[in-house]
Amino acid sequence: MVVLCFNCTFYLLAESSIRIITMGCRCLLPLLLLSVITVSAVEVQRPRGVPLSKKHFYEEGKPFTCLDGSRTIPFDRVNDDYCDCQDGSDEPGTPSCPNGSFHCTNAGYRPVFIPSSRINDGICDCCDATDEYNSGAICQNTCRELGRKERESLQKLAEITKEGFVLKQQLIQEAKRGLEEKKSKMLELEASKTQLEVKVEALRTVKETAEEPEKAAKDLHLKAWEDQKAAVRMEKDKAQMAEVFLELDGDGDGFVSLTELQSHNELDSDSDGSFTETEAQAMLGGVDKVDPAAFEAIWKDIKDKYISEAQAPLEALHAETRELGSDSDSEHYSEGEIPEEEDDDHDDDHDDDQEDDEEEDDDPDEADYNRPPAVQEKKDDEAEGMMPPYDTETQKLIDAAHKAREEFDVAERALRELDDQLKNLEKETSSDFGPNAEFAYLYSQCYDLTTSEYIYRLCPFNRVSQKPKYGGSETSLGTWGQWEGPENNIYSVMKYEHGMGCWQGPNRSTTVKLKCGKETVVTSTSEPSRCEYLMEFTTPAVCQDPKSLDSMLHEHTEL
């Protein structure tokens, strides 16, 4: 114990506390010194490691009750390097209790608690060095310097917050004006929509009225054209039938006999390769020969199979070619006998084949023969010519209906666009843009952040995406979900969900943390967990009233 005497006051410095003993004489110290001594005395009249908030639990001369209420001990067992309380509250200034805590006053900076195990461990944890009172460690009191730096940092933050808060008030005013304008615009659009709906219905009636005579006239014109084509086809069919009859009537007696019909094996009904007399007679209707009038009845059954004598050589040539191709495909060679093919010869043969094919294609009869029925019909339609133009009256009806359709389409398109505008305005005006709509200016905007690999894009209230910096497709990191900040500051965090699925993982999602700033910008992005992204975004819209920061600065100044 050390005793110090200043004038009439004795100070006894004990290891666990500092006590003041005042003698009965008068002191003539200046008022300022007395006030400092008084404050110092009040500050240290408690066991080491005890904060002021718990000073009343530690009254010297009275038994101490553990803060968990487990037991009561004499006061001289507080800070005696022996742990008596289960909660360690009897040893706030020694490392005796493993679960104890030591209070660093840190005058001029922030007071903190550290685990008791760090007391006198040779490492300075408290900036005022009070945790190393008996370790021999040389610690500097850095609290004032730390406090100064923190005050400077807080001062800068306060300046940013003040400027941001001013901008926020402007954003709020702009949002109010914007909301009023949008509501006014919606009223105008609603009125226009009502008028346009009436107009669309009127034009629909005009269109339908004009389309009825148009359809009737066009149908009539088409029917006349179809009738004309049918008549042409019938004449052509009759002419072809007459040609075939003359071709079959080999002896020119005016009849087609069984023998003459049997000369065309392609008419074999069962396609067994043998066109018998019985089959021919059945085809002629049970008679031995027919004249042109009777031949007309059986023409419809044979015209699709019949091959004229002019086409027969071509058919034979094709049959021979197919047979040769089949023999070539079926030819086999034993191992070691497979002939080697020379590329040049093969290419020449291929070119020759192409030339042959082109020559064969140039033959119109062969082209008709090989053409599928649908293609043949199309050619027949082309041969019949194009449908003749509409007559003057029909064309007038078509023009009137066309004009009515165009006017209706224009009005209907305008109505759809107007309806889309209304829906977008309704969505915008009903969205949660903060208590005073301070976040409304972010709507329909996008902000990019470029890293070494990706370009990240945040479109508030819409979506978040990522795209490779040097080309590639865009990946959705989530679409707007909801505000997800803590209860007392819900508008500090945005959540975007249901992005593109990860390989064998969940859908991507993004959490956006909002910070006060004079500018609106994405400052950082990361992926703390697989497929879960984190963005930091500064905006004036989250800047709070700077009075709270002023009070914080005032508190630090007092310390």
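To be clear, the structure that these remarks concern was listed above.
Presented here is an overview of the structure given in this document. Nothing here was measured: the structure is a model prediction, and the numbers come from that model.

Let us look at the overall build of the protein chain. Per the secondary structure count, the protein chain includes 11 helices and 17 strands. Expressed as a percentage of its 559 residues, the buried residues of the protein chain come to 28%. Across the protein chain, contacts joining residues at least 24 apart in sequence account for 43% of those joining residues at least 6 apart. Surface exposure of the protein chain reaches about 35,900 Å², of which carbon and sulfur atoms provide 52%.

To continue, consider the state of the cysteines. Summed over all chains, the structure comprises eight disulfides. Note that Cys66 is cross-linked by a disulfide to Cys85, the S-S spacing being 1.9 Å. Every disulfide takes its handedness from the sign of the S-S torsion; for Cys66 and Cys85 that torsion is -75 degrees, giving left-handed. Placement of Cys66 in the loop between β4 (64-65) and β5 (72-73) and of Cys85 in the loop between β5 and β6 (101-104) is noted, with a sequence separation of 19 residues between them. By relative accessible area, which is 3% here, Cys66 ends up buried.

The next thing to look at is the packing of helix α2 (residues 143-248) against helix α10 (residues 392-430). Packed helix pairs are characterised by how far apart their axes lie and by the angle those axes make with each other. Running from N to C, α2 and α10 cross one another at 160 degrees; their axes reach a closest spacing of 7 Å. When the axes of α2 and α10 are compared, the pair comes out roughly antiparallel. Between α2 and α10 the crossing geometry is left-handed. Of the residues belonging to the contact of α2 with α10, the class tally is 22 nonpolar, four polar and 16 charged.

The subject of this paragraph is the packing of aromatic side chains. For the structure shown, the criterion picks out 14 aromatic pairs. Aromatic side chains Phe295 and Trp299 sit 6.2 Å apart centroid to centroid with 35 degrees between the ring planes, which places their arrangement in the tilted category. You can see Phe295 and its partner Trp299 sitting in helix α5 (residues 292-302), four residues apart, about one turn around the helix. Given the relative accessible area of 1%, Phe295 is considered buried. Seen from their ring centres, Trp483 and Tyr491 are 5.0 Å apart, and the 75 degrees between their planes marks the pair as edge-to-face. Judged by its relative accessible area of 9%, Trp483 is buried. Through a chain of ring-to-ring contacts, the aromatic side chains of Phe433, Phe439, Tyr443, Phe461, Trp480, Trp483, Tyr491 and Tyr496 assemble into a single cluster. Directly above the ring of Tyr133 sits Arg48, whose terminal nitrogen or CZ lies 3.9 Å from the centroid. Between Lys207 and the ring centre of Phe408, over which it is positioned, the NZ or CZ distance is 5.3 Å.

Across four bridges, strand β14 (residues 493-497) lies against strand β15 (residues 509-516) in antiparallel orientation. What sits directly across from Tyr496, in β15, is Thr510. Relative to strand β17 (residues 532-539), β15 runs parallel, the two sharing eight bridges. Across the sheet, Lys515 pairs through a bridge with Thr538, a residue of β17.

This part covers the pattern of salt bridges. This model, assessed by the stated rule, comprises 21 salt bridges. In this structure, Glu145 engages Arg148 in a salt bridge whose closest nitrogen and oxygen atoms are separated by 2.4 Å. Here Glu145 pairs with Arg148, and both are found in helix α2, just three residues apart, close to one helical turn. Here Glu145 falls in the partly exposed class, since its relative accessible area comes to 37%. The partly exposed category is assigned to Arg148, whose relative accessible area is 35%. Salt-bridge contacts for Glu211 lead to Arg405; the nearest nitrogen and oxygen are separated by 3.2 Å. Of the two residues, Glu211 sits in helix α2 while Arg405 sits in helix α10, which places them 194 residues apart along the sequence.

All right, on to the pairing of strand β16 (residues 521-529) then. Two elements, β16 and β17, share six bridges in a ladder whose sense is antiparallel. The residue bridging Val521 from the neighbouring strand is Thr538, located in β17. Here β16 folds back onto β17, and the loop between the two strands holds two residues, one of which, Cys531, carries a positive phi near 70 degrees.

Here the focus is the packing of α2 against α5. Two elements in contact, α2 and α5, have axes separated by 11 Å at closest approach and are oriented at 115 degrees. On the basis of the axis angle, α2 is roughly perpendicular to α5. Two packed elements cross with a definite hand, and for α2 against α5 that hand is right-handed. Contacts between α2 and α5 involve Asp237, Gln240, Met241, Val244, Phe245 and Leu248 from the first element and Pro292, Phe295, Glu296 and Trp299 from the second. A per-class count over the contact of α2 with α5 returns seven nonpolar, one polar and two charged.

With that settled, the discussion passes to the sheet that holds strand β12 (residues 463-468). Taken in spatial order, the eight strands make up an open sheet running β10-β11-β12-β13-β14-β15-β17-β16, and their pairing is mixed. In the strand order of this sheet, the two ends are held by β10 (447-450) and β16, each with one partner. Neighbouring strand axes in the sheet, compared pairwise and without regard to direction, differ in orientation by 25 degrees on average.

Even without being glycine, Asn120 reaches a positive phi, approximately 55 degrees. Its place among the elements puts Asn120 in the loop between β7 (112-115) and α2. Positive phi is not limited to glycine here, since Ala437 has a value of about 60 degrees. Mapped onto the fold, Ala437 is located in the loop between α10 and β10.

Calculation notes
- Residues numbered from 1 in each chain as written.
- Predicted model: local features only at pLDDT ≥ 70, side-chain atom pairs only at ≥ 80, totals over all residues.
- Heavy atoms only, no water.
- Helix = DSSP H or I, 4+ residues; strand = E, 2+ residues; numbered from the N terminus.
- Buried < 20%, exposed > 50% of the residue type's maximum accessible area, 1.4 Å probe, protein only.
- Contact = heavy atoms within 4.5 Å.
- Areas by Shrake-Rupley, 256 points an atom, 1.4 Å probe, with all protein chains shown as cover.
- Disulfide = S-S within 2.5 Å.
- Axes fitted to C-alpha atoms, helices over the stretch in contact; angles between N-to-C directions.
- Parallel < 35°, antiparallel > 145°, perpendicular 65-115°, else oblique.
- Left-handed = near helix turned anticlockwise from the far one by under 90°.
- Nonpolar A, V, L, I, M, F, W, Y, C, P; charged D, E, K, R; others polar.
- Phe/Tyr/Trp six-rings, centres within 6.5 Å; stacked < 30°, edge-to-face > 60°.
- Lys NZ or Arg CZ within 6 Å of the ring centre and 35° of its normal.
- Pairing = 2+ DSSP bridges.
- Salt bridge = Lys/Arg side-chain N within 4 Å of Asp/Glu carboxyl O.

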